[in-house]
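These are the residues of each chain, in order.
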Amino acid sequence: MPRVRPAGAWLLWIFSTPLLFAAINALILSRLDSFFGDAAAWALLALAALLTRRASRQSPEAAERRRFSQPGRRWQFPLRNVAAVSLAAGTCVAAVYGVGYPFGVGIGFAAVAVLGYHLAYGLEPLRVGEPMSAQDKESRAVIEALAEAEDRLITIERAAEAIGNRELSQRLARIAELGRGILAQIAERPSDLRRARRFLTVFLEGAEQVSDGYARTHRHVESAELEQHFRTVLITIEEQFQRQREHLREADMLDLDVQIEVLKKQLEQEGIR
């Protein structure tokens, strides 16, 4: 899905400008049919621009970053899809009532408009994430923990994009990457959730709070001392994330050794050398 920046919505405003002038001209000439057609078409295109801008502010790349989702949280309201429908309707109205083309031709123009919108901005899926099956209470607990932790990681990634300091942004990005690696390990082996519970409830939550807080305040308060304090905190958090990931990896190796020993004993009991 292409990433859309807020300024991209201005393309739709520019595209709708001729309709606004056409509506004003039709009103001056007392051509009410053309006026209402052009005005309605411009309003629909303006709505598409507003929805597109709002969708771009909701960090559309977050949907791509989301892997885990809780039951009941998989559906999303696709603002860009609604914007595409509004654009199609506006284009059809402009072609039929503004210019005078047959309805079938207007539908064709609408289809082209939707295709162009998809190429420029991208349409959104109705569902996000890769929902995991929850067959029992323990599985649901794992799913909920992973989804909540991923929400925190997305907040950290947004903070990394909002901070102008390249070094601090890279540190936050590395922390988020390490966090995603830990979640992937837990997803592959849910029994690791018990060992990672403290990480999820203490370190990850703390990383989310400090990164989001700094991203919201650093533009208003320029302080070298605050920046250094934030840098020190990030270094500590990154070290803890690395330790947690290594801890889970070591647990994997330990379990593998145990499985190998059990298999060897079983082969010996069966008389297989």
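Thresholds, definitions, all that
Residues numbered from 1 in each chain as written. Predicted model: local features only at pLDDT ≥ 70, side-chain atom pairs only at ≥ 80, totals over all residues. Heavy atoms only, no water. Helix = DSSP H or I, 4+ residues; strand = E, 2+ residues; numbered from the N terminus. Buried < 20%, exposed > 50% of the residue type's maximum accessible area, 1.4 Å probe, protein only. Contact = heavy atoms within 4.5 Å. Areas by Shrake-Rupley, 256 points an atom, 1.4 Å probe, with all protein chains shown as cover. UniProt positions renumbered as here; feature names shortened; annotations may be inferred. 1 Å grid on protein atoms, 1.4 Å probe; cavity = no way out; pocket = protein on both sides within 12 Å on 5 of 7 lines; lining within 4 Å. Points joined across faces, edges and corners; volume = space filled by probe spheres on them. Nonpolar A, V, L, I, M, F, W, Y, C, P; charged D, E, K, R; others polar. Core = buried A, V, L, I, M, F, W, Y, C linked by side-chain atoms within 4.5 Å. Salt bridge = Lys/Arg side-chain N within 4 Å of Asp/Glu carboxyl O. Patch = residues over 30% accessible without salt bridge, like charges linked within 9 Å, V, L, I, M, F, W, Y side chains within 5 Å. Axes fitted to C-alpha atoms, helices over the stretch in contact; angles between N-to-C directions. Parallel < 35°, antiparallel > 145°, perpendicular 65-115°, else oblique. Left-handed = near helix turned anticlockwise from the far one by under 90°.

Here's the deal with the overall build of the chain
Secondary structure summary: the chain contains nine helices and zero strands in total. Mapped in sequence order, the helices and strands of the chain form the string α-α-α-α-α-α-α-α-α. Across the 273 residues in the chain, those meeting the buried criterion constitute 39%. Long-range pairs, those at least 24 residues apart, make up 79% of the contacts in the chain with a sequence separation of at least 6. Within the structure as shown, the chain displays about 16,200 Å² of accessible surface, and the carbon and sulfur contribution to it stands at 58%.

Description of the UniProt feature "transmembrane region" (unreviewed entry) in the chain
Feature annotation in UniProt assigns "transmembrane region" (unreviewed entry) to the following positions: residues 7-29, 35-56, 77-97 and 103-123. The straight-line gap between the two end C-alpha atoms of residues 35-56 is 31 Å; of that span, 100% is helix and 0% is strand. Overall, residues 103-123 shows 86% helix and 0% strand. The separation of its end C-alpha atoms is 25 Å.

A look at the layout of surface pockets
Considered as a void within the structure, the second largest pocket measures approximately 250 Å³ in volume. Lining of the second largest pocket is provided by 15 residues; of these, F15, T91, A94, F109 and A113 occupy positions nearest its centre. Only α1 (10-28), α4 (79-99) and α5 (103-120) provide two or more residues apiece to the lining of the second largest pocket. A per-element tally of the lining of the second largest pocket places α4 first, with six residues. When the residues that make up the lining of the second largest pocket are grouped by side-chain class, the tally is 13 nonpolar, two polar and no charged.

Describing the nonpolar core
If you look at the biggest cluster of nonpolar residues, it comprises 32 residues, and the most contacted ones within it are L172, I186, L200, L204 and F241. Elements with a minimum of two residues in this core: α6 (137-162), α7 (166-188), α8 (192-217) and α9 (224-269). When residues of this core are assigned to their parent elements, the largest contribution, nine residues, is made by α7. Other than its neighbours up to four places away in sequence, L204 contacts A149, R152, L153, I156, F199 and F241. Core analysis: the second largest hydrophobic core is formed by 17 residues, L12, A41, A48 and L87 among them.

Observations regarding the pattern of salt bridges
Within the structure shown, the criterion is met by nine salt bridges. Between R171 and E167 there is a salt bridge whose closest N-O contact spans 3.3 Å. Of this pair, R171 and E167 both sit in helix α7, four residues apart, which is roughly one turn of the helix. Here R171 ties to E238 by a salt bridge, and the two come within 3.6 Å at their closest N and O atoms. Taken together, the positions of R171 in helix α7 and E238 in helix α9 put the pair 67 residues apart, joining distant regions of the chain. By relative accessible area, which is 17% here, R171 ends up buried. Judged by relative accessible area, E238 falls into the buried class, the value being 8%. Among the ionic contacts, a cluster of salt bridges with common partners joins E167, R171, R174, E227, R231 and E238.

Overview of a nonpolar patch on the surface
Taken together, the side chains of L20, F21, I24, I28 and L29 define a hydrophobic patch exposed on the protein surface, amounting to about 510 Å² of accessible area. Within the secondary structure, I24 sits in helix α1. The exposure class assigned to I24 is partly exposed, which follows from its relative accessible area of 42%.

Here's the deal with the packing of α7 against α8
Where α7 contacts α8, the axes come no closer than 11 Å and their chain directions differ by 155°. Between α7 and α8, the interaxial angle falls into the category roughly antiparallel. Relative to α8, the crossing made by α7 is left-handed. Judged by residue contacts, L168, L172, G179, I182, L183, Q185 and I186 of α7 engage D192, L193, A196, F199, L200, S211 and Y214 from α8. Grouping the amino acids of the contact of α7 with α8 by side-chain chemistry returns ten nonpolar, three polar and one charged.

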